[in-house]
Every structure is written in structure tokens, then in C-alpha cells.
Amino acid sequence: QAAAGARILIASQAPGLKVQVSGRPFTDASGQRLRAWLGMDEDVFYDERLVAIVPMGFCYPGRGKSGDLPPRAECAPAWRAPLLARLPQLQLVLAIGQYAMAYHLPDLRGTLTEKVRGGCVVGVGAVPVFPLPHPSPRNNIWLARHPWFEADVLPVLRQQVALALAA
């Protein structure tokens, strides 16, 4: 989902099988957790005039040994830049997972944990980019090992989201 007036871009990986079938992004446990992280209800989350949801790959990439395969490599280079150029009102990019971080923060080095701990940074095009782990239940262990995420990062994230929506 995306409209020219969107203030926030949710840049995620690729749809999972359940989402591929539903045809609507984040209609799963990941979506419930992400909306809670953002402090955002479904009406705002699914309002394309406010929130653009554009994954790094548009289709379910298939299943691998330890979960879903990564987004198909040819997708983002083919269409991401032209699509983002049509979102001139963006105030904040939420880079969810390593593939979105690699695209939106190409010069930021470190592990996913280090990037998330570092918080919001100015990304490509001078729009602030907030790196986040994927909200999937598969990341419960990561979340349990990093209690600072909920205590320190989520309040700042919610503040950034509120500011972007109010702009």
C-alpha cells in the first residue's frame, strides 16, 4: 500500500505465506506485534494516505531450511527507487530486518543488533530511517535477550512515529 501523501514508509522483507494468501500486509502475528511497537491502531496502519507499506520483495519467496527465503534479489533494484520517488512526503522510514536495512542504510555497518541499538539515523535522501528487528514470533529469543529494545528503543520509536504522522 502506498499513496503520494504517506508520511511513514514501512520497509519490510517480503510477505509470508499467510500474508500472500490474504493479500494484505501484516495480517499475522508479526503485524499485531508491529502495530503494538508503533502504538498504532489498524485504521491508521492501513491508511495508505499516512502509511506506505512496501516490502523489499512483493511476493512470497518460498520456504527455506530455517524459515522463509530472502526476498528475490531482482525485485528491489527493478522497482524500489521509482516507487519511492512517488512518495515525496515521507517523514520516516522504518527499515524492518536486514534486507530493508541494507537497502535504506547502505553505509551503516554492524550487526542487526548494533544497528537497532543505534536508533534512528538519517538515511538515503535525508529521510530519517529507524532500523528495527522483524516483529515475527521467530524473533522472540532475540527480543528476550535484548530487553533494552522494549525499554529504550520502543518509546523513541513511538515518539518518532507520532511526529511523522503530525507533520
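Read on for an overview of the structure. (Residues numbered from 1 in each chain as written. Predicted model: local features only at pLDDT ≥ 70, side-chain atom pairs only at ≥ 80, totals over all residues. Heavy atoms only, no water.)

**So, the sheet that holds strand β5 (residues 92-96)**
And step 1. Within the open sheet, the 5 strands sit side by side as β2-β1-β5-β7-β6. Their pairing is mixed. Pairing within the sheet leaves two strands with one partner each, and these edge strands are β2 (51-53) and β6 (121-122).
And step 2. On the sheet, helix α8 (residues 148-166) packs against β1 (8-11), β5 and β7 (128-132) and is oriented at approximately 145 degrees with respect to β7. (Pairing = 2+ DSSP bridges. Helix = DSSP H or I, 4+ residues; strand = E, 2+ residues; numbered from the N terminus. Contact = heavy atoms within 4.5 Å. Axes fitted to C-alpha atoms, helices over the stretch in contact; angles between N-to-C directions.)

**Looking at the packing of aromatic side chains**
And step 1. Under the defined criterion, the tally for this structure stands at 5 aromatic pairs.
And step 2. Arranged with centres 5.8 Å apart and planes meeting at 75 degrees, the rings of W142 and W148 form a pair that is edge-to-face.
And step 3. Judged by its relative accessible area of 11%, W148 is buried.
And step 4. Here the aromatic rings of W142 and F149 are separated by 5.7 Å at their centres, their planes lie at 75 degrees, and the arrangement is edge-to-face. Accessibility classification places W142 together with F149 in one group, the buried group.
And step 5. Within the aromatic cluster, the residues linked to one another by ring pairs are W37, W142, W148 and F149.
And step 6. Taking NZ or CZ as reference, R24 lies 3.6 Å from the ring centre of Y46, over its face.
And step 7. Note that R35 overlies the ring of F45, its terminal NZ or CZ placed 5.1 Å from the centroid. (Phe/Tyr/Trp six-rings, centres within 6.5 Å; stacked < 30°, edge-to-face > 60°. Buried < 20%, exposed > 50% of the residue type's maximum accessible area, 1.4 Å probe, protein only. Lys NZ or Arg CZ within 6 Å of the ring centre and 35° of its normal.)

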